[in-house]
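One letter stands for each residue in the lines below.
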Amino acid sequence: MALTAGIVGLPNVGKSTLFNAITQSSVEAANYPFATINPNVGMVEVPDERIEKICELVKPKKTIYTAFEFTDIAGLVKGASKGEGLGNQFLSHIRQVDAICHVVRCFDSSDITHVEGSVDPIRDIEIINLELILADLQSVENRIKKLERKANQKDPESVAELKVLKKLNGALLEGKSARTVELEKDEIIIAAQYQMLTSKPMIYIANMSEEEVANPMENKYFSKVKAFADEEHNDVIAICAKIEEELSTLDKDDKAMFLEELGINTSGLDAVVKCAYDILGLKTYFTAGEVEVRAWTFNEGMSAPQCAGIIHSDFERGFIRAEAYSFDDLMTYKSELALKENGKLKSEGKEYIVKDGDVLHFRFNV
C-alpha cells in the first residue's frame, strides 16, 4: 500500500535535514529558502520488533519490513496560497499525501536565518495552517460556483454535494480546518474527492537542539507547541533533526549506544514513523516461511481477501481461505506445529477481519 506522509514547514526549520535522516539520502539541505524545489520522495522501514522475534523462530533467508513513503515538500511561505514562493506548485504536492508532518523550529541559532526574522513556533504554525486553509477555501468556493446552477435545477447529487461544500466553507471562513467539520458517512465520501489539505491528519514535529531533546518540556518553545497541538487534538513529537541525521548513518548496535548516551529511549524518527502509521489507521500482518518473513501494511477493518489482494490481485480474486495465527500465540508456542496441536492455527474464510499482528498464509486458486 503506497501511503505517503508529506514533510512541510517554513524554510530553514530542518525539513530537509529530517528527510535526509529518514531516507539516509542526501537531498540538499542548504541555509536558504527553496533549497528543495521538487518534492523528494523516499521510503522508510516501519520499526516493528515483532518481525525480528518471528525471524528468531522461523530463521528465514530474507526479512522485509513494511515501508512508509515520505515526501520532502519545499518550504512554504506567507502568501503561498496566492502563489508566493512557488506556493501553488508546493501546495499541489501536499494534496497528494495522506498525512502531513509539520516541522516547527524550536531552537535558536544565529547561524541559521529564519524567513520571518525570529523564532516563534506558534506564529510559524499559524502561517502554514492559514495558507492551507486559504488554499482549501479557494477550491471550495470555486466548486460551489460551478454547482449552484445544477443544484438550483434540483439535481440530487449536486444538492447533496453543495450541502457538504457549504459546511466546509463555513468552517474555513472561520479559520478552522476541514477535519474539524462533523460530517455524516455519505458526506465524508463526498468530501474525500476534494483532497482537501486541511482534512489530512497532521503531526507537529518540534525540531530542537541536541541539549534539550531528551527533556523537551524544558524547551521554552516546545511547551507552547504541545499546548497548541493538544487543543487541535494532534500529536507533537520532539526531535533533533541533526541527531537523527547522525543516527541514520550508524548500525543498529551503535545507534542504540548513541541513544543511551543521549538519555533517549527511542529515536525521534521511529516515533514519527509510528505516529504517522497510527493516525492513518494502519496495521501490520505478517507472512512467515523459510524463504521470507515479511510485514504487510493494511487498513484496520480489512477482510482476509482484501489483505490477500495487497500481496497480489490474484490472491484476492481466487481466495479460498487464510491459515492464521497471532504473533502472541507464536511467541507462546514457538512453532506452527505446536500452534496447530493447541488449536491456535485456524482456517479463516472470506468474512474474517484481519487483526494487527496476525501471521497469515493464503490459499487461493485462479
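Residues numbered from 1 in each chain as written. Predicted model: local features only at pLDDT ≥ 70, side-chain atom pairs only at ≥ 80, totals over all residues. Heavy atoms only, no water.

**Q** Describe the overall build of the chain, naming the residues involved and giving the relevant values.
**A** Secondary structure assignment for the chain yields 14 helices and 12 strands. Burial statistics for the chain: of 366 residues in total, 48% are counted as buried. Taking the contacts inside the chain whose residues are at least 6 apart along the sequence as the reference set, 69% of them involve residues at least 24 apart. (Helix = DSSP H or I, 4+ residues; strand = E, 2+ residues; numbered from the N terminus. Buried < 20%, exposed > 50% of the residue type's maximum accessible area, 1.4 Å probe, protein only. Contact = heavy atoms within 4.5 Å.)

**Q** Describe the sheet that holds strand β5 (residues 99–105), naming the residues involved and giving the relevant values.
**A** Adjacent strands of a sheet form backbone hydrogen bonds with each other and so pair up, either parallel or antiparallel. The 6 strands lie next to each other as β2-β4-β1-β5-β6-β7, forming an open sheet whose pairing is mixed. Two strands in the sheet have a free side with no partner beyond their single neighbour: β2 (40–45) and β7 (235–239). Here the strands of the sheet are splayed against their neighbours by 25° on average, with no regard to which way each runs. Bridge analysis of β5 against strand β6 (residues 202–207) gives 6 bridges, and the strand direction is parallel. (Pairing = 2+ DSSP bridges. Axes fitted to C-alpha atoms, helices over the stretch in contact; angles between N-to-C directions.)

**Q** Any chance you could break down helix α10 (residues 268–279) for me, citing the residues and the numbers?
**A** Across its 12 residues, α10 extends 16 Å between first and last C-alpha, which sits within 8% of the 16 Å expected from 1.5 Å per residue. For α10, the complete set of buried residues consists of Gly 268, Leu 269, Val 272, Val 273, Cys 275, Ala 276 and Tyr 277. Within two residues after α10, Gly 281 carries a phi angle of roughly 70°, on the positive side. (Expected span 1.5 Å × (residues − 1).)

**Q** Run through the environment of Ile 22, naming residues and quoting values.
**A** When you line up the elements, Ile 22 lands in helix α1 (residues 15–23). Considering only alpha carbons, one finds Ile 22 and Leu 269, 247 residues apart in sequence, at a separation of 6.8 Å.

**Q** Tell me about unusual backbone geometry, and please be specific about residues and values.
**A** Note on backbone geometry: most residues besides glycine have negative phi, and most peptide bonds are trans. A positive phi is found at Asn 12, a non-glycine position, where the angle reads about 65°. Relative to the assigned elements, Asn 12 resides in the loop between β1 (4–8) and α1. Of note in this structure, His 233 is not a glycine but carries a positive phi near 65°. Residue position: His 233 is located in the loop between α7 (222–232) and β7.

**Q** Just give me the short version of the nonpolar core, but keep the residues and values in it.
**A** Counting residues in hydrophobic clusters, the biggest one holds 62 residues, and the most contacted among them are Leu 18, Phe 68, Phe 70, Ile 94 and Tyr 204. Every residue in contact with Tyr 204, bar those within four places of it in the chain, is listed here: His 102, Val 104, Ile 125, Asn 129, Val 225, Phe 228, Ala 229, Glu 232, Asn 234, Asp 235, Val 236 and Ile 237. Core analysis: the next-biggest nonpolar cluster, separate from the first, contains 18 residues, Leu 165, Leu 168, Val 181 and Tyr 194 among them. (Core = buried A, V, L, I, M, F, W, Y, C linked by side-chain atoms within 4.5 Å.)

**Q** Break down the pairing of strand β4 (residues 67–72) for me, with residues and values.
**A** The pairing of β1 with β4 spans 4 bridges and is classified as parallel. If you follow Ile 7 over to β4, its bridge partner there is Asp 72.

**Q** Which residues make up the environment of Val 13, and what are the values?
**A** Considering the arrangement of structural elements, one finds Val 13 in the loop between β1 and α1. Remark: the alpha-carbon pair of Val 13 and Ala 241, spanning 228 residues in sequence, is separated by 9.5 Å. Among residues more than four places away in sequence, those in contact with Val 13 are Val 103, Arg 105, Phe 107 and Asn 207.

**Q** With reference to specific residues and values, describe the packing of helix α5 (residues 156–173) against helix α6 (residues 185–192).
**A** Think of two packed helices as two axes; the pair is described by the angle between the axes and how far apart they sit. Packing of α5 against α6 leaves a shortest axis separation of 10 Å and a crossing angle of 80°. Accordingly, the angle class assigned to the pair α5 and α6 is roughly perpendicular. Only Glu 187, Ile 190 and Ala 191 of α6 make contact with α5, whose side of the interface consists of Ala 160, Glu 161, Lys 163, Val 164, Lys 167 and Leu 168. For the contact of α5 with α6, a count of residues per class yields 5 nonpolar, no polar and 4 charged. (Parallel < 35°, antiparallel > 145°, perpendicular 65-115°, else oblique. Nonpolar A, V, L, I, M, F, W, Y, C, P; charged D, E, K, R; others polar.)

**Q** Got a sec to walk through the packing of aromatic side chains? Specific residues and values, please.
**A** Enumeration over the complete set of coordinates arrives at 7 aromatic pairs. Between Tyr 285 and Trp 296, the aromatic rings sit 6.4 Å apart at their centres with planes inclined by 15°, giving stacked as the arrangement. Note that Tyr 285 is positioned in strand β8 (residues 282–288) and Trp 296 in strand β9 (residues 292–299), a separation of 11 residues in sequence. By relative accessible area, which is 0% here, Tyr 285 ends up buried. Judged by relative accessible area, which is 11%, Trp 296 ranks as buried. Geometrically, the ring pair formed by Tyr 285 and Phe 362 is edge-to-face, given 5.9 Å between the ring centres and 90° between the ring planes. Placement of the pair is Tyr 285 in strand β8 and Phe 362 in strand β12 (residues 358–364), with a sequence separation of 77 residues. Here Tyr 285 and Phe 362 have matching classes, each one buried. In textbook terms, an aromatic cluster arises when at least three aromatic residues are bridged by ring pairs, as seen for Tyr 285, Trp 296, Phe 298, Phe 319 and Phe 362. Above the ring of Trp 296, the side-chain terminus of Arg 294 is found at 4.1 Å from the ring centroid. (Phe/Tyr/Trp six-rings, centres within 6.5 Å; stacked < 30°, edge-to-face > 60°. Lys NZ or Arg CZ within 6 Å of the ring centre and 35° of its normal.)

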